[in-house]
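# Close look at the chain arrangement
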Amino acid sequence: MSVGHKLHRVSQIADEAFAAAAAESEVTPRQYAVLQAIADSERPSQTALVEKTGIDRSTLADIVRRLVSKGLIQRRRTREDARAYAVSLTDKGHAILRNQGPAKAANTRILGALSRGEQAQFEAMLDKIIGWTAPTK
């Protein structure tokens, strides 16, 4: 079985675990990741979120629209660039992140098969793969 397929299966398992735990929180794993990225950013903009999450621009714009409609974030034009949007969490968005239940449940489900040492190694390896950029020719 290919590495790509195995990663896809792990992603499916993580998404299923997150969905089961997040039934009441009304957010998807990607929406949760965007909320977390906003919380972790000093001056979050949609452009900065694309860079931070790796989610393509059009998909991120759709996620932001959904989060705005759910009342989890606010979006406004920046003063520096009228074409750009700054985003911020609402009280409801902060509450979703404080809960952290779905993310913890998904992490427990995925990482539960590994020892603590293996968990740290696995996360470090994932970070390394995510950060790696293939050289251009």
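Residues numbered from 1 in each chain as written. Predicted model: local features only at pLDDT ≥ 70, side-chain atom pairs only at ≥ 80, totals over all residues. Heavy atoms only, no water.

### A few points about the overall build of the protein
Tallying secondary structure elements over the protein gives seven helices and two strands in all. In the protein, the order of α-helices and β-strands from amino to carboxyl end is α-α-α-α-β-β-α-α-α. For the protein, the spread of C-alpha atoms along the three principal axes comes to 50 × 45 × 25 Å. Out of the 137 residues in the protein, the part that is buried amounts to 26%. Working note: accessible area of the protein is about 9,600 Å², and carbon and sulfur atoms make up 52% of it. Computed over 21 positive and 15 negative side-chain charges, the inter-centroid distance for the protein is 3 Å. (Helix = DSSP H or I, 4+ residues; strand = E, 2+ residues; numbered from the N terminus. Buried < 20%, exposed > 50% of the residue type's maximum accessible area, 1.4 Å probe, protein only. Areas by Shrake-Rupley, 256 points an atom, 1.4 Å probe, with all protein chains shown as cover. Lys, Arg positive; Asp, Glu negative; His and termini not counted. Charge placed at Lys NZ, Arg CZ, Asp CG, Glu CD.)

### A closer look at the nonpolar core
Counting residues in hydrophobic clusters, the biggest one holds 24 residues, and the most contacted among them are V34, L35 and I73. Breaking this core down by element, the ones donating at least two residues are α1 (3-21), α2 (29-40), α3 (46-53), α4 (57-69), β2 (85-89), α5 (91-99) and α6 (101-111). A per-element tally of this core places α2 first, with five residues. L35 has contacts with V27, L67, L72, I73, L89, I96 and L97, leaving out every residue within four places of it along the chain. (Core = buried A, V, L, I, M, F, W, Y, C linked by side-chain atoms within 4.5 Å. Contact = heavy atoms within 4.5 Å.)

### A short note on the packing of aromatic side chains
Taken as a whole and judged by the stated rule, the model has one aromatic pair. When the centroid spacing of 5.6 Å and the interplanar angle of 65° are considered together, the rings of F18 and Y32 count as edge-to-face. Of this pair, F18 sits in helix α1 while Y32 sits in helix α2; the two residues are 14 residues apart in sequence, bridging distant segments of the chain. (Phe/Tyr/Trp six-rings, centres within 6.5 Å; stacked < 30°, edge-to-face > 60°.)

### Some remarks on the pattern of salt bridges
In this structure the tally under the stated criterion is three salt bridges. A salt bridge links K92 to E26; the nearest nitrogen and oxygen atoms lie 3.5 Å apart. Of this pair, K92 sits in helix α5 while E26 sits in the loop between α1 and α2; the two residues are 66 residues apart in sequence, bridging distant segments of the chain. Judged by its relative accessible area of 39%, K92 falls in the partly exposed class. Take E26: its relative accessible area is 36%, and that puts it in the partly exposed class. With a shortest N-O distance of 3.0 Å, D62 and R66 are connected by a salt bridge. In this pair, D62 and R66 are both assigned in helix α4, four residues apart and thus about one turn of the helix distant. Look at D62 and you get partly exposed, because its relative accessible area is 28%. (Salt bridge = Lys/Arg side-chain N within 4 Å of Asp/Glu carboxyl O.)

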